[in-house]
Amino acid sequence: MPKSITTLRCACGQFSLEVIGDPFSASECHCKSCRSAAQRLSTLPPAFPIAADNGGVPYALYRKDRVRFPDGTTTLTEFRLHDDAPTRRVLTTCCYTPVFLEFESGHWVSLFTGLWPEGQRPAPRIRTQTGDVPDGETLDDSLPAGTLTTAGFYAKLLGERIAMGFKSPKITVKEKIDA
Ligand SMILES: [Zn+2]
Ligand SMILES: [Zn+2]
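In this text, all values refer to a predicted model and were calculated from it rather than measured experimentally.

Analysis parameters
- Residues numbered from 1 in each chain as written.
- Chains lettered and ligands numbered in written order.
- Predicted model: local features only at pLDDT ≥ 70, side-chain atom pairs only at ≥ 80, totals over all residues.
- Heavy atoms only, no water.
- Donors = N, O, S within 2.8 Å, 3.2 Å for Na, K, Ca; no water.
- Tetrahedral: all angles 85-135°; square planar, octahedral: opposite > 155°, others 65-115°.
- Helix = DSSP H or I, 4+ residues; strand = E, 2+ residues; numbered from the N terminus.
- Buried < 20%, exposed > 50% of the residue type's maximum accessible area, 1.4 Å probe, protein only.
- Pairing = 2+ DSSP bridges.
- Contact = heavy atoms within 4.5 Å.
- Axes fitted to C-alpha atoms, helices over the stretch in contact; angles between N-to-C directions.
- Phe/Tyr/Trp six-rings, centres within 6.5 Å; stacked < 30°, edge-to-face > 60°.
- Polar contact = N/O pair within 3.5 Å; in protein donor to acceptor, adjacent residues only side chain to side chain.
- Expected span 1.5 Å × (residues − 1).
- Arc of directions from axis to C-beta.

Q: Please clarify how the coordination of the zinc ion (ligand 1) should be interpreted in this entry.
A: Reference geometry at the metal: tetrahedral coordination by four donors gives ideal angles of 109.5 degrees; octahedral coordination by six donors gives 90 or 180 degrees. For the zinc ion (ligand 1), the full set of protein donor atoms is Cys10 (SG), Cys12 (SG), Cys94 (SG) and Cys95 (SG), at a range of 2.3 to 2.4 Å. Coordination at the zinc ion (ligand 1) is tetrahedral: its four donor atoms span angles of 103 to 116 degrees at the metal. Sequence spacing of the donor residues for the zinc ion (ligand 1), all on one chain, is C-x1-C-x81-C-C. Taken together, the residues span a long stretch of sequence, with cysteine 12 in the loop between strand 1 (5-9) and strand 2 (16-20) and cysteine 95 in the loop between strand 7 (87-92) and strand 8 (98-103) at a distance of 83 residues.

Printed below as a string of structure tokens:
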């Protein structure tokens, strides 16, 4: 059966991207970088809040060969926590819609789930990096987390990397943003 194609649009409609099939994973990240980026970018402000109410950032993970940019990538801008950070968060320049998080040379992108209309958002299945949750904050136990869960998550990432023949297509983003 052919995989379905979903078109996701920015808040103002100038930018769209297409994803093929379902994400290979959906997670809620609690690492310091995701928290700090969500906080710094909140000053823009972005078209939708990057972090969930519990402080984690929900992502839908897609292999790069399952994501297409029918309008190109010239309306995108990248944000890095510092100049030589190996990760970047990409937003649209038109309306600051958060689009994805990417590790340099990674074979996948983590799309911000706020891109999907409410009710169609891929629900996070696991939590990662919960060791970074600040003291005094607690998470409910509605989702699995911890070492074993995270190990399974990385195994899945590796599996997708093998399936892609160890390729990591480049996504060109020329603009930069400070926050
Ligand atoms: Zn827009
Ligand atoms: Zn994170």
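Q: Before we go on, may I ask you to explain the coordination of the zinc ion (ligand 2) in this structure?
A: Summarising the metal site, the zinc ion (ligand 2) is bound by the protein donors Cys29 (SG), Cys31 (SG) and Cys34 (SG), whose distances to it range over 2.2 to 2.3 Å. For the zinc ion (ligand 2), all donor residues lie on one chain, and their spacing in sequence is C-x1-C-x2-C. In terms of burial, cysteine 29 and cysteine 34 fall into one category: buried.

Q: Sorry, what's going on with the sheet that holds strand 3 (residues 25-29) here?
A: The strands making up a sheet associate through backbone hydrogen bonding, with each pair oriented either parallel or antiparallel. With respect to topology, eight strands assemble into an open sheet ordered 10-3-4-9-8-7-6-11, the strand pairing being mixed. The open sheet terminates on both sides in strands that have one partner only, identified here as strand 10 (126-128) and strand 11 (175-176). Relative to the sheet, helix 1 (residues 32-41) contacts strand 3, strand 4 (57-63), strand 6 (76-79), strand 7 and strand 8, its axis offset from that of strand 7 by approximately 35 degrees. Sitting on the sheet, helix 2 (residues 147-163) is in contact with strand 3, strand 4, strand 9 (108-112) and strand 10, with an inclination near 30 degrees to strand 4.

Q: Explain the packing of aromatic side chains here, please?
A: Both the distance between ring centres and the angle between the ring planes are used here to describe each pair of aromatic rings. Tallied over the full model, the rule gives six aromatic pairs. Between phenylalanine 15 and phenylalanine 69 the ring centres are 6.4 Å apart and the planes differ by 40 degrees, which places this aromatic pair in the tilted class. In this pair, phenylalanine 15 is assigned in the loop between strand 1 and strand 2 and phenylalanine 69 in the loop between strand 5 (67-68) and strand 6, connecting sequence segments 54 residues apart. Taken together, a centroid distance of 5.4 Å and an interplanar angle of 45 degrees make the contact between tyrosine 59 and phenylalanine 112 tilted. In this pair, tyrosine 59 sits in strand 4 while phenylalanine 112 sits in strand 9, placing the two residues 53 residues apart along the sequence.

Q: What am I meant to see in the environment of threonine 73 here?
A: Note that threonine 73 resides in the loop between strand 5 and strand 6. By relative accessible area, threonine 73 is classed as buried at 18%. Sequence spacing of threonine 73 and leucine 115 is 42 residues, and the spatial spacing of their C-alpha atoms is 16 Å. Those residues within four positions of threonine 73 in sequence are excluded, and the remaining contacts are Ile171 and Thr172. A distance of 2.7 Å separates the side chain of threonine 73 from the backbone oxygen of threonine 172, its partner in a polar contact.

Q: I keep staring at the sheet that holds strand 5 and nothing clicks. Help me out?
A: Read across the open sheet, the three strands follow the order 1-2-5; overall the sheet is antiparallel. Edge positions in the open sheet fall to strand 1 and strand 5, since each of these has one partner strand only. With five bridges joining them, strand 1 and strand 2 adopt antiparallel strand pairing. Pairing of threonine 6 across the sheet is with valine 19, part of strand 2.

Q: What am I meant to see in helix 2 here?
A: Side chains of residues three or four places apart in an α-helix project in the same direction, reflecting 3.6 residues per turn. Between the first and last C-alpha of helix 2 there are 24 Å, a value that for 17 residues agrees with the 24 Å anticipated at 1.5 Å per step. Residues of helix 2 that are buried: Thr149, Thr150, Phe153, Leu157 and Glu160. Take helix 2 and look down its axis: the buried residues cluster within an arc of 100 degrees, on one side only. Facing away from the buried side of helix 2, by more than 90 degrees, are the exposed residues Thr147 and Leu148. In this structure, the buried side of helix 2 is in contact with strand 3, strand 4, strand 9 and strand 10. Directly beyond the C-terminal end of helix 2, a positive phi value near 65 degrees is found at glycine 165.

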